[in-house]
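One letter stands for each residue in the lines below.
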Amino acid sequence: MDFCRLRIGAVKNDSGPARLADLLRGARDTVVFTGAGISTESGIPDFRSPGGIWTKMAPIDFQDFVCSREMRNEAWRRRFAMENTFAGVRPNAGHDAIAALVAREVASHVITQNIDNLHQMSGVPAEQVIELHGNTRYAKCLECGARVELEPIRVHFDAYGEPPDCRECGGLLKTATISFGQAMPEHEMERAERATRACDLFLVLGSSLVVYPAAGFPLLAKRGGAKLAIVNREPTDIDDFADLVLHAEIGPTLSRSLELLEKSA
Ligand code: NAD
C-alpha cells in the first residue's frame, strides 16, 4: 500500500486511524516522538496555540537565570504558580495509547520534548522515555547535578522569597528542564539519535516541529529509511516529507488506531 504524503483531516471516519494502524502493524520498531500537543487533552496548554501560558510570558533564558537573582526568583515564582495545574494533571487517552504500544513492544522508545512526566505516569518505563528538554517535577543543582525535590525548595521560597542553594555544593538550583540557551543533555541526545536511526517507523504526535535540535529527529529517521507519520492539529513544515499526516486530535485518533491494531492481532 502506498502511504506517500497522504493527508487526512478531521477523523470523520476510520480511514486515518486505520492507515496509522496499518503502519504500526507493518513496523518492526516504532519510535514515538511527542510534543506539547500530547498533553493539551490533560489540561496543560501547549507552547504556541493561542492562549497558552507561554504566549503570555516570555521564557527566561538560561544566561539570565544564571546571571540574575531577580530572574531566578521570577523563574521559581512562575514554577510554583504553575503547580496547581501540574499537581492535578493525569495522563490522557493519547498517553495511555502510547503506553499500550510500548507494553505490547510495538514501540521501543518515547522521545519527548515535554517536561511534564506524563509518559512515565501513564506507565511507560522510565528507561524507555527519552526527555530531550528535561523534567519540571524536580530540580537539579547546576553545579554538581544533585537531584532536589520541589517541596523543600517551595518551603524555603515561601519563607525567604528566594530558593535555597544546593546543600551539597552551594550551587544554583533550577528545575531539571532545559531552558532556551542551555546546552541540550548529551546522553539523552545520543540515546534519541540511536533510537531514531534504529527504528523503521517514526511517529510524531503533537509537535509544531519548530524547536531545534529536537525537531531534527523526524527527518533523521526519514533519511535513515524509516516511515514517518505525523498526527497534529495543524500542518507542520515537514508534512511534505511524511508518509502519513493526520490533522486530527491525538487522543481519539491514537486510541482508535490501537483498537484496530488489537482487533487484527
Ligand atoms: P508546540 O506548542 O510548538 O506545538 C504543539 C502542536 O500540537 C501544535 O502544532 C498544535 O496544533 C498541536 N496540538 C495541540 N493539541 C493537540 C491535540 N490534542 N491533538 C493534536 N494536535 C495538538 O509544542 P512543541 O513542538 O512541543 O514545542 C514546544 C516546547 O515547549 C517544547 O520544547 C516543550 O519542551 C515545551 N512545552 C512543554 C509542555 C509540556 O511538558 N506539556 C507544554 C508546553 C510547552
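So, here is what we can say about the structure in this document. Everything numeric in this text was worked out from a predicted model, so none of it was measured. (Residues numbered from 1 in each chain as written. Predicted model: local features only at pLDDT ≥ 70, side-chain atom pairs only at ≥ 80, totals over all residues. Heavy atoms only, no water.)

For the protein, the count of helices and strands is 10 helices and 10 strands. For the protein, the C-alpha radius of gyration of 19 Å lies close to 18 Å, the compact-globule estimate for 265 residues. Evaluated residue by residue, the protein yields a buried proportion of 48% over its 265 residues. A total of about 12700 Å² of accessible surface is found on the protein, and carbon and sulfur atoms cover 50% of it. Positive and negative side-chain charges in the protein, numbering 30 and 36 respectively, have mean positions lying 3 Å apart. (Helix = DSSP H or I, 4+ residues; strand = E, 2+ residues; numbered from the N terminus. Rg over C-alpha atoms; globule rule 2.2 N^0.38 Å. Buried < 20%, exposed > 50% of the residue type's maximum accessible area, 1.4 Å probe, protein only. Areas by Shrake-Rupley, 256 points an atom, 1.4 Å probe, with all protein chains shown as cover. Lys, Arg positive; Asp, Glu negative; His and termini not counted. Charge placed at Lys NZ, Arg CZ, Asp CG, Glu CD.)

Taken together, 28 residues surround the ligand, and among them F47, R48, Q113, H133 and S208 come closest. Taking E41, its side chain carries an N or O atom lying 2.8 Å from a nitrogen atom of the ligand. Take E234: an N or O atom from its side chain is 2.9 Å from an oxygen atom of the ligand. Across the complex, the protein chains shield 97% of the 860 Å² of accessible surface that the ligand would expose by itself. Looking at the shell around the ligand residue by residue, the class counts come to 10 nonpolar, 11 polar and 7 charged. (Near = heavy atom within 4 Å. Polar contact = N/O pair within 3.5 Å; in protein donor to acceptor, adjacent residues only side chain to side chain. Nonpolar A, V, L, I, M, F, W, Y, C, P; charged D, E, K, R; others polar.)

Residue P213 follows Y212 across a cis peptide bond; omega there is 10 degrees. Structurally, P213 is set in the loop between β8 (201–205) and α9 (217–223). The phi angle at N117 is positive, at roughly 70 degrees, despite the residue not being glycine. By the element assignment, N117 lies in the loop between β3 (107–112) and α6 (118–121). Even without being a glycine, L209 presents a positive backbone phi close to 55 degrees. Mapped onto the elements of the fold, L209 is located in the loop between β8 and α9. When its relative accessible area of 3% is taken as the criterion, L209 is described as buried.

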